[in-house]
Amino acid sequence: MYKFREITEDDNASVAALVRDNLKQFNLDIPGTVYFDAGLDHLSDYYGNDNRRYFVIESDNGEVIGGIGYDRFEPLKDTAELQKLYLTDAAKGSGLGYEMIDFIEERMREAGYKVSYLETHDNLQAAIHIYEKKGYKEIERPDAVVHSTMNRFFRKEL
């Protein structure tokens, strides 16, 4: 079993390692990705206000096995960006990715957002498959993309 909870300062190192490990596996440990973001090692400092939240998924033994968050996406009205959906290798293939999206979309709705937006990369085919199964539709690249290496963009009405 597992549980969702908001990120704390104690989670920073494990979440940063989780993100970097995943990106490295898919050859995305390169500039233009979150891999090199200075704030990645201090996510709990960034998230946790009305506009943005980040949640970790904890196993029964207290291990962080995943994470997912959202932040306001300023260029688009009433839109939140789904951010940093990552799982440990052991948790992949369990269907948890689908549950994580359901969970974060509900948090977005509670925060008043009407649209979910996300950026990803061709190398992340399993993630793209999940997004499409959850109803995300591919869109043109918006003008305001922070991580320049990302090359696939999706949105979904909440």
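Look up: the structure comes first, before these words.
Residues numbered from 1 in each chain as written. Predicted model: local features only at pLDDT ≥ 70, side-chain atom pairs only at ≥ 80, totals over all residues. Heavy atoms only, no water.

Trainee: Tell me about the overall build of the chain, and name the residues and values.
Mentor: When helices and strands are tallied, the chain shows four helices and seven strands. Along the chain, from the amino end to the carboxyl end, the secondary structure elements read β-α-α-β-β-β-α-β-α-β-β. Relative to the compact-globule value of 15 Å for 158 residues, the chain shows a C-alpha radius of gyration of 14 Å, a close match. When the backbone C-alpha atoms are referred to their principal axes, the chain occupies close to 40 × 35 × 30 Å. Taking the intrachain contacts of the chain between residues at least 6 apart in sequence as the baseline, contacts between residues at least 24 apart amount to 64%. Approximately 8100 Å² of the chain is accessible, and the part contributed by carbon and sulfur atoms is 48%. (Helix = DSSP H or I, 4+ residues; strand = E, 2+ residues; numbered from the N terminus. Rg over C-alpha atoms; globule rule 2.2 N^0.38 Å. Contact = heavy atoms within 4.5 Å. Areas by Shrake-Rupley, 256 points an atom, 1.4 Å probe, with all protein chains shown as cover.)

Trainee: With reference to specific residues and values, describe the sheet that holds strand E4 (residues 79-87).
Mentor: Strand order across the open sheet formed by seven strands is E1-E2-E3-E4-E5-E7-E6, with mixed pairing between neighbours. What marks the edges here is a single partner per strand, and that holds for strand E1 (2-6) and strand E6 (137-139). Across this sheet, the average inter-strand angle for adjacent strands is 30°, counted without regard to direction. Sheet topology note: the strand E5 (residues 115-120)/strand E7 (residues 152-157) ladder contains six bridges and is antiparallel. Each residue of the ladder has a partner; that of Tyr 117, found in E7, is Arg 155. This element, helix H1 (residues 12-25), spans strand E2 (53-59), strand E3 (64-72) and E4 of the sheet and lies at about 80° to E4. Of the strands in this sheet, E1, E2, E3, E4, E5 and E7 touch helix H3 (residues 96-110), which is tilted by about 150° from E4. (Pairing = 2+ DSSP bridges. Axes fitted to C-alpha atoms, helices over the stretch in contact; angles between N-to-C directions.)

Trainee: So what's going on with the environment of Arg 53? Which residues, and what values?
Mentor: Counting through the fold element by element, Arg 53 comes out in strand E2. When its relative accessible area of 22% is taken as the criterion, Arg 53 is described as partly exposed. Considered as a pair, Arg 53 and Lys 137 are 84 residues apart in the sequence and their alpha carbons are 23 Å apart. In contact with Arg 53, other than residues within four places in its own chain, are Glu 6, Tyr 47, Gly 48, Gly 69 and Tyr 70. (Buried < 20%, exposed > 50% of the residue type's maximum accessible area, 1.4 Å probe, protein only.)

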